[in-house]
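As a plain string of letters, each chain reads:
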Amino acid sequence: MPDFRLGDVIDDFCVKCRRVTNHSIVSLMNGDAAKVRCRTCYSDHDYRHEQAPPSKKELLKQKELYAAVLAGVAPVPVAEEEPAVEAADVEVVAETPVVEPVPEKKSKKKKA
(Lines give C-alpha, C1' and ligand atoms only; values in the text may rest on other atoms or scores of the structure.)
Protein backbone atom coordinates (compact mmCIF):
# COMPACT_ATOMS: atom_id res chain seq x y z
CA MET A 1 0.00 0.00 0.00
CA PRO A 2 1.45 3.37 -0.94
CA ASP A 3 1.88 6.13 1.63
CA PHE A 4 -0.99 8.57 1.18
CA ARG A 5 -0.78 12.26 2.07
CA LEU A 6 -3.47 14.92 2.28
CA GLY A 7 -4.16 16.39 -1.15
CA ASP A 8 -2.88 13.39 -3.10
CA VAL A 9 -4.90 12.56 -6.21
CA ILE A 10 -6.39 9.05 -6.36
CA ASP A 11 -9.14 7.37 -8.38
CA ASP A 12 -12.43 6.58 -6.66
CA PHE A 13 -16.10 6.06 -7.51
CA CYS A 14 -18.06 9.30 -7.14
CA VAL A 15 -21.68 8.78 -6.10
CA LYS A 16 -22.75 12.14 -7.48
CA CYS A 17 -21.01 11.74 -10.86
CA ARG A 18 -21.77 7.98 -10.91
CA ARG A 19 -18.37 7.06 -12.34
CA VAL A 20 -14.73 6.62 -11.38
CA THR A 21 -13.04 10.02 -11.36
CA ASN A 22 -9.99 11.74 -9.84
CA HIS A 23 -10.34 12.57 -6.15
CA SER A 24 -8.21 14.50 -3.67
CA ILE A 25 -7.64 13.02 -0.23
CA VAL A 26 -9.33 15.15 2.43
CA SER A 27 -8.69 13.02 5.53
CA LEU A 28 -6.56 10.02 6.48
CA MET A 29 -7.17 7.28 9.02
CA ASN A 30 -4.45 4.74 9.90
CA GLY A 31 -2.45 5.75 6.82
CA ASP A 32 -5.36 5.06 4.44
CA ALA A 33 -7.70 7.58 2.79
CA ALA A 34 -10.89 8.02 4.81
CA LYS A 35 -12.60 10.93 3.01
CA VAL A 36 -12.05 12.18 -0.51
CA ARG A 37 -13.25 15.12 -2.63
CA CYS A 38 -14.22 14.64 -6.26
CA ARG A 39 -12.19 16.91 -8.53
CA THR A 40 -15.06 17.05 -11.05
CA CYS A 41 -18.10 17.94 -8.91
CA TYR A 42 -16.30 18.85 -5.62
CA SER A 43 -18.49 16.60 -3.45
CA ASP A 44 -16.95 15.01 -0.34
CA HIS A 45 -17.62 11.38 0.53
CA ASP A 46 -16.06 8.32 2.16
CA TYR A 47 -13.32 6.57 0.21
CA ARG A 48 -14.95 3.64 -1.63
CA HIS A 49 -11.83 1.89 -2.98
CA GLU A 50 -13.06 2.38 -6.57
CA GLN A 51 -16.10 0.13 -6.00
CA ALA A 52 -19.54 1.21 -7.14
CA PRO A 53 -22.44 0.60 -4.73
CA PRO A 54 -24.74 -2.29 -5.72
CA SER A 55 -27.49 -1.46 -8.19
CA LYS A 56 -31.16 -1.79 -7.28
CA LYS A 57 -31.37 -4.94 -9.43
CA GLU A 58 -28.55 -6.53 -7.46
CA LEU A 59 -30.21 -5.57 -4.16
CA LEU A 60 -33.51 -7.08 -5.34
CA LYS A 61 -31.74 -10.34 -6.29
CA GLN A 62 -30.09 -10.48 -2.86
CA LYS A 63 -33.44 -9.91 -1.16
CA GLU A 64 -35.08 -12.72 -3.20
CA LEU A 65 -32.20 -15.13 -2.44
CA TYR A 66 -32.42 -14.30 1.25
CA ALA A 67 -36.18 -14.95 1.26
CA ALA A 68 -35.63 -18.28 -0.53
CA VAL A 69 -33.04 -19.36 2.05
CA LEU A 70 -35.34 -18.40 4.91
CA ALA A 71 -38.22 -20.33 3.34
CA GLY A 72 -36.06 -23.49 3.24
CA VAL A 73 -35.01 -23.28 6.88
CA ALA A 74 -37.11 -25.18 9.43
CA PRO A 75 -38.86 -22.89 11.89
CA VAL A 76 -37.37 -22.69 15.39
CA PRO A 77 -39.60 -24.32 18.03
CA VAL A 78 -41.18 -21.81 20.38
CA ALA A 79 -40.57 -22.31 24.10
CA GLU A 80 -43.66 -23.13 26.13
CA GLU A 81 -45.19 -20.19 27.94
CA GLU A 82 -45.95 -20.11 31.65
CA PRO A 83 -49.57 -20.74 32.59
CA ALA A 84 -51.72 -17.63 32.73
CA VAL A 85 -52.51 -16.15 36.14
CA GLU A 86 -56.12 -16.67 37.15
CA ALA A 87 -58.28 -13.73 38.20
CA ALA A 88 -58.78 -15.19 41.72
CA ASP A 89 -55.02 -15.04 42.38
CA VAL A 90 -54.72 -11.34 41.56
CA GLU A 91 -55.32 -8.74 44.26
CA VAL A 92 -57.39 -5.72 43.29
CA VAL A 93 -55.55 -2.46 43.85
CA ALA A 94 -57.56 0.70 44.44
CA GLU A 95 -57.30 3.25 41.67
CA THR A 96 -55.22 6.29 42.40
CA PRO A 97 -56.97 9.58 41.75
CA VAL A 98 -55.88 11.53 38.70
CA VAL A 99 -54.14 14.75 39.67
CA GLU A 100 -54.85 17.65 37.36
CA PRO A 101 -52.01 20.07 36.64
CA VAL A 102 -52.01 23.37 38.50
CA PRO A 103 -52.57 26.32 36.12
CA GLU A 104 -49.55 28.59 35.81
CA LYS A 105 -49.76 32.09 37.22
CA LYS A 106 -49.39 34.94 34.79
CA SER A 107 -46.35 37.06 35.50
CA LYS A 108 -46.84 40.78 35.75
CA LYS A 109 -44.61 42.90 33.58
CA LYS A 110 -43.12 46.04 35.06
CA LYS A 111 -44.07 49.22 33.28
CA ALA A 112 -41.20 51.43 32.32
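Remember, predicted model here, so these are calculated numbers, not experimental data.

Q: Lay out the sheet that holds strand 4 (residues 44-46) in plain terms, naming residues and giving numbers.
A: An order of 1-2-3-4 is seen for the 4 strands of this open sheet, with the pairing classed as antiparallel. One side of each edge strand has no neighbouring strand; the edge strands of this open sheet are strand 1 (9-14) and strand 4. Recorded for the sheet is a direction-independent mean angle of 50° between the axes of neighbouring strands. Judged from the 6 bridges that link them, strand 2 (residues 19-29) and strand 3 (residues 32-38) form a sheet pairing that is antiparallel. By the bridge assignment for strand 3, Met29 is matched with Asp32.

Q: Can you break down the side chain of His45 residue by residue, with the values?
A: Considering the arrangement of structural elements, one finds His45 in strand 4. Engagement of the side chain of His45 in a polar contact is seen with the side chain of His23, the distance being 3.1 Å. Those residues in contact with His45 that sit more than four places away from it in its chain are Asp12, Phe13, Cys14, His23, Ala34, Lys35 and Val36.

Q: Tell me about the pairing of strand 2, and name the residues and values.
A: Two strands pair when backbone bridges link them, and strand 1 and strand 2 are joined in this way by 6 bridges, in the antiparallel orientation. Bridging from a neighbouring strand, Ile10 pairs with His23 of strand 2. Between the antiparallel neighbours strand 1 and strand 2 lie 4 residues, among them Arg18 with a positive phi of about 60°. In sequence, strand 2 turns back onto strand 3 through a hairpin of 2 residues, with Asn30 there showing a positive phi of about 55°.

Q: A description of the pattern of salt bridges should follow, citing residues and the corresponding values.
A: Under the defined criterion, the tally for this structure stands at 2 salt bridges. The shortest N-O distance in the salt bridge between Asp46 and Lys35 comes to 3.0 Å. One end of the pair, Asp46, is in strand 4; the other, Lys35, is in strand 3, and 11 residues separate them in sequence. Note on Asp46: relative accessible area 44%, which makes it partly exposed. A salt bridge links Arg37 to Asp44; its shortest N-O distance comes to 2.7 Å. Overall, Asp44 belongs to the partly exposed group, its relative accessible area being 43%.

Q: Outline the layout of surface pockets, supporting the account with residue identities and numerical values.
A: If you add up the space inside the largest pocket, you get close to 160 Å³. Taken together, Phe13, Val15, Arg18, Ala52, Pro53, Pro54, Ser55, Lys56 and Leu59 make up the lining of the largest pocket. By residue class, the composition of the lining of the largest pocket is 6 nonpolar, 1 polar and 2 charged.

Cut-offs applied
Residues numbered from 1 in each chain as written. Predicted model: local features only at pLDDT ≥ 70, side-chain atom pairs only at ≥ 80, totals over all residues. Heavy atoms only, no water. Pairing = 2+ DSSP bridges. Helix = DSSP H or I, 4+ residues; strand = E, 2+ residues; numbered from the N terminus. Axes fitted to C-alpha atoms, helices over the stretch in contact; angles between N-to-C directions. Polar contact = N/O pair within 3.5 Å; in protein donor to acceptor, adjacent residues only side chain to side chain. Contact = heavy atoms within 4.5 Å. Salt bridge = Lys/Arg side-chain N within 4 Å of Asp/Glu carboxyl O. Buried < 20%, exposed > 50% of the residue type's maximum accessible area, 1.4 Å probe, protein only. 1 Å grid on protein atoms, 1.4 Å probe; cavity = no way out; pocket = protein on both sides within 12 Å on 5 of 7 lines; lining within 4 Å. Points joined across faces, edges and corners; volume = space filled by probe spheres on them. Nonpolar A, V, L, I, M, F, W, Y, C, P; charged D, E, K, R; others polar.

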